[in-house]
Amino acid sequence: MAVDRDQAIGRIDRRLFGSFVEHLGRCVYGGIYAPGSPLSDSSGFREDVATLIRDLGVTTVRYPGGNFVSGYRWEDGVGPREARPSRLNLAWHQTDPNSFGLHEFVDWSRKLGVEPMLAVNLGTRGIAEALDLLEYSNHPGGTTLSDQRIAHGAASPFGVRMWCLGNEPDGPWQLGHKTALEYGRLAAETARGFRQFDPKLELVVAGQTAPWLPSSVDWDRIVLEETAEFADYVAVHIYVEELERDIQTFLASGVDLDGEIERAIAAADAAAEKRGVGRKLAVSVDEWGIWRGRDPNPSTPEDWPVERRIGESVYTAGDAVVTGALIVSLLNHADRVTCACQSLLVNAGAPIRAEADGVWRQSTYHPFQLAARHARGTALRATIEAPEMDTGKYGRVSAIDVAATLDEEGGQLVLFLVNRSASEVARTSVRLGSWPDARVAEALVIGGGDPWETNTREHPDRVIPRTLSEVALEGDSLEAILPAASWSVVRLATPSRRQP
Ligand code: AHR
């Protein structure tokens, strides 16, 4: 491999390390929010969960869904708690007491120091309700809605910058599921209203959810042609899965995400050109994650609990490697992907598990934390010459993937290296001609042993980053031996270019 200072991809937006909180399973109720628990603060926010989220390094959190938002009435979640209605959450077959709503989410975001990002219901509702939510949230005061917010205890506007216009409307599972033209028109007209309120808001339109949906043939083209003039982002959602124990395909999941991002970029650019829009849309990968297994206890028609165990996968070392590999793909598209939300943050498909009396980190926590901490500054394009390997789904792909980030201010070059091969170690050489004085500050590896090893409550630290021992600088070349099925982070101290 070779990494060069002049090969910049783009600045790494801190929103790349976002996550997602949905009224789903035990993500909100029993996850981040458990009033009355000795582990919660006086607002009902779990302190132990909050500590792990802070350490994870999450920057932005998307809320309240997901599929949930397509049936949500935001007004249910504001005002005195005792007057809030209890409603069926049709998306997840649960009951929502609405004791956690908009104010709680914004308060919680402030407590954690994360940026709140909201999705609006374009499933069962429309432009007027979305504009009401915007006015309630962001208008300083002097109108009925903004004064209501003040009366509900929030004197300052919430100042939410980023808004998702609907969620996965192409999915037949979605309440208010739409054709591309129906959604494209609705999203465009909602965006027009949002722009009239504040031209600087950042608006996300829903791209194609899955390639196997019949509508995927022309979803992006139709939606983006309708919305290119108003939108800032097109959304990509991706969940990868280890199917039939085909670990080789699974470890190469970065190929899948690369393809989805590049498809969305091509569609956005074509629509912008056709509509004569002289700016490029960014990509918001605002749901990405790993599903492992199906829920053992599907709901029965009578069963509408507040807390339901949905998607509480126990993640493996292989899942941690794939999480790292997906982050490599995001970094390698940093010029266009400027927001990404790992899905979800707590309990459901999550890096953090919370039970009533304690929390622990899943394997997938660690690559996210390392990348959020160290991938700063500019993403650099690395060139790779590597052997190829066979995968069931993607054909022959490079056995190695890498992302490189350069933080000039901090004097640090970081390599994120994936060995996708389930069986072969990789002896790698990375030429670093631009940094003759570099030295290895730290080298860590995740995986490389039993790919099905997991962290559990009893053994929360079985899958953690360990020292990558076989790494050394020889002249201007970094030599490293990457174990099979592994993800590594090599931090190199580079003399800062900053003048004293
Ligand atoms: O993350 C769970 C669900 O996956 C979300 O609600 C939906 O947007 C996606 O299909």
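Refer to the preceding data block for the structure.
The model shown is predicted, which means the values in this text are computed figures rather than measured ones.

Trainee: Please give an account of the overall build of the protein chain that cites residues and values.
Mentor: What the protein chain contains, in helices and strands, is 10 helices and 24 strands. Scaling as 2.2 N^0.38, a compact globule of 500 residues should have a C-alpha radius of gyration of about 23 Å, and the protein chain matches this with 23 Å. Taken along its principal axes, the extent of the C-alpha atoms in the protein chain is 70 × 55 × 55 Å. For the protein chain, the proportion of its 500 residues judged to be buried stands at 61%. When contacts within the protein chain are restricted to residue pairs at least 6 apart in sequence, those whose partners lie at least 24 apart make up 76%. Taken as a whole, the protein chain presents about 19,500 Å² of accessible surface, with 50% of it coming from carbon and sulfur. The centroid of the 51 positive side-chain charges in the protein chain is displaced by 3 Å from the centroid of its 70 negative side-chain charges.

Trainee: Requested: an account of the site of the ligand, with residues and values cited.
Mentor: In the vicinity of the ligand, the contacting residues are Phe 20, Glu 22, Leu 24, Gly 66, Asn 67, Trp 92, Asn 167, Glu 168, Tyr 239, Glu 287, Ser 343 and Leu 344. One of the backbone nitrogen or oxygen atoms of Asn 67 is found 2.8 Å away from an oxygen atom of the ligand. Here an oxygen atom of the ligand sits 2.7 Å away from a polar atom, N or O, in the side chain of Glu 168. Expressed as a share of its isolated accessible area of 280 Å², the protein-covered part of the ligand is 92%. A per-class count over the shell around the ligand returns five nonpolar, four polar and three charged.

Trainee: Account for the state of the cysteines, naming residues and giving values.
Mentor: The full count for this structure, using the stated rule, is zero disulfides. Looking at the unpaired Cys 27, the closest cysteine sulfur is the one in Cys 341, lying at 12 Å. Free cysteine Cys 339: the closest other cysteine sulfur is in Cys 341, separated by 4.3 Å.

Trainee: I'd like to hear about helix α5 (residues 180-197), residue by residue, with values.
Mentor: For α5, which comprises 18 residues, the first-to-last C-alpha distance of 26 Å matches the rise-based estimate of 26 Å (1.5 Å per residue) to within 8%. Turning to α5, its buried residues number three or more, namely Ala 180, Tyr 183, Gly 184, Leu 186, Ala 187, Ala 188, Thr 190, Ala 191, Gly 193, Phe 194 and Arg 195. For α5, the elements touching its buried residues are β6 (115-120), α3 (127-138), β7 (162-165), β8 (202-206) and α6 (219-227).

Trainee: Describe the packing of helix α1 (residues 47-56) against helix α2 (residues 102-112), listing the residues and the values that go with them.
Mentor: As a packed pair, α1 and α2 sit with axes 10 Å apart at the nearest point and diverge in direction by 55 degrees. On the basis of their axis angle, the class for α1 and α2 is oblique. Considering the relative orientation of α1 and α2, their crossing is right-handed. Only Trp 108, Lys 111 and Leu 112 of α2 make contact with α1, whose side of the interface consists of Glu 47, Ala 50, Ile 53 and Arg 54. In the contact of α1 with α2, the residues fall into four nonpolar, no polar and three charged.

Trainee: Any details on the pattern of salt bridges? Residues and values, ideally.
Mentor: Enumeration according to the criterion identifies 40 salt bridges in this entry. Glu 388 is the salt-bridge partner of Arg 396, the closest N and O atoms lying 3.6 Å from each other. The partly exposed category is assigned to Arg 396, whose relative accessible area is 48%. Through salt bridges that share partners, Arg 26, Arg 309, Glu 312, Arg 353 and Glu 355 make up one connected network.

Trainee: Account for the sheet that holds β6, naming residues and giving values.
Mentor: Taken in spatial order, the eight strands of this closed barrel run β2-β3-β6-β7-β8-β9-β10-β11, and their pairing is parallel. Pairs of neighbouring strands in the sheet enclose a mean axial angle of 30 degrees, with direction left out of account. Here strand β3 (residues 60-63) runs beside β6; their pairing, made up of four bridges, is parallel. Bridge pairing in β6 places Thr 60 opposite Glu 115. Against the sheet, α2 touches β3 and β6, its axis set at about 155 degrees to β6.

Trainee: Which residues make up the pairing of strand β10 (residues 282-291), and what values do they have?
Mentor: With nine of its 10 residues buried, β10 lies for the most part within the structure. In this structure, β10 lies alongside strand β11 (residues 337-342), joined through four bridges in parallel fashion. When the sheet's bridge partners are listed, Trp 288 is paired in β11 with Gln 342.

Trainee: Lay out the packing of α5 against α6 with the relevant residues and their values.
Mentor: For the pair α5 and α6, the least separation of the axes is 8 Å and the interaxial angle reads 25 degrees. Classed by the angle they form, the pair α5 and α6 counts as roughly parallel. Classified by chirality, the crossing of α6 by α5 is right-handed. Contact with α5, carried on its side by Ala 180, Leu 181, Tyr 183, Gly 184, Arg 185, Ala 187 and Ala 188, involves Trp 219, Ile 222, Val 223, Glu 226 and Thr 227 of α6 and no other residues of that element. A breakdown of the residues in the contact of α5 with α6 according to their chemical character gives eight nonpolar, two polar and two charged.

Trainee: Got a sec to walk through the nonpolar core? Specific residues and values, please.
Mentor: The biggest cluster of nonpolar side chains holds 131 residues, and the ones touching the most others in it are Phe 17, Ile 53, Trp 108, Trp 163, Val 285 and Phe 416. By residue number, the principal contributor to this core is helix α9 (residues 317-331), which donates 10 residues. Three or more residues apiece are contributed to this core by two domains, here domain 1 (11-376) and domain 2 (380-493). Ignoring sequence-local partners within four residues, the contact set of Val 285 consists of Val 236, Ile 238, Leu 257, Ile 261, Leu 330, Val 337, Cys 339, Ala 340 and Cys 341. Leu 380, Val 430, Ala 438 and Leu 478 belong to the second largest nonpolar core, which has 25 residues in total.

Analysis parameters
- Residues numbered from 1 in each chain as written.
- Predicted model: local features only at pLDDT ≥ 70, side-chain atom pairs only at ≥ 80, totals over all residues.
- Heavy atoms only, no water.
- Helix = DSSP H or I, 4+ residues; strand = E, 2+ residues; numbered from the N terminus.
- Rg over C-alpha atoms; globule rule 2.2 N^0.38 Å.
- Buried < 20%, exposed > 50% of the residue type's maximum accessible area, 1.4 Å probe, protein only.
- Contact = heavy atoms within 4.5 Å.
- Areas by Shrake-Rupley, 256 points an atom, 1.4 Å probe, with all protein chains shown as cover.
- Lys, Arg positive; Asp, Glu negative; His and termini not counted.
- Charge placed at Lys NZ, Arg CZ, Asp CG, Glu CD.
- Near = heavy atom within 4 Å.
- Polar contact = N/O pair within 3.5 Å; in protein donor to acceptor, adjacent residues only side chain to side chain.
- Nonpolar A, V, L, I, M, F, W, Y, C, P; charged D, E, K, R; others polar.
- Disulfide = S-S within 2.5 Å.
- Expected span 1.5 Å × (residues − 1).
- Axes fitted to C-alpha atoms, helices over the stretch in contact; angles between N-to-C directions.
- Parallel < 35°, antiparallel > 145°, perpendicular 65-115°, else oblique.
- Left-handed = near helix turned anticlockwise from the far one by under 90°.
- Salt bridge = Lys/Arg side-chain N within 4 Å of Asp/Glu carboxyl O.
- Pairing = 2+ DSSP bridges.
- Core = buried A, V, L, I, M, F, W, Y, C linked by side-chain atoms within 4.5 Å.
- Domains from an automatic or database assignment.

By themselves these figures say nothing about function.
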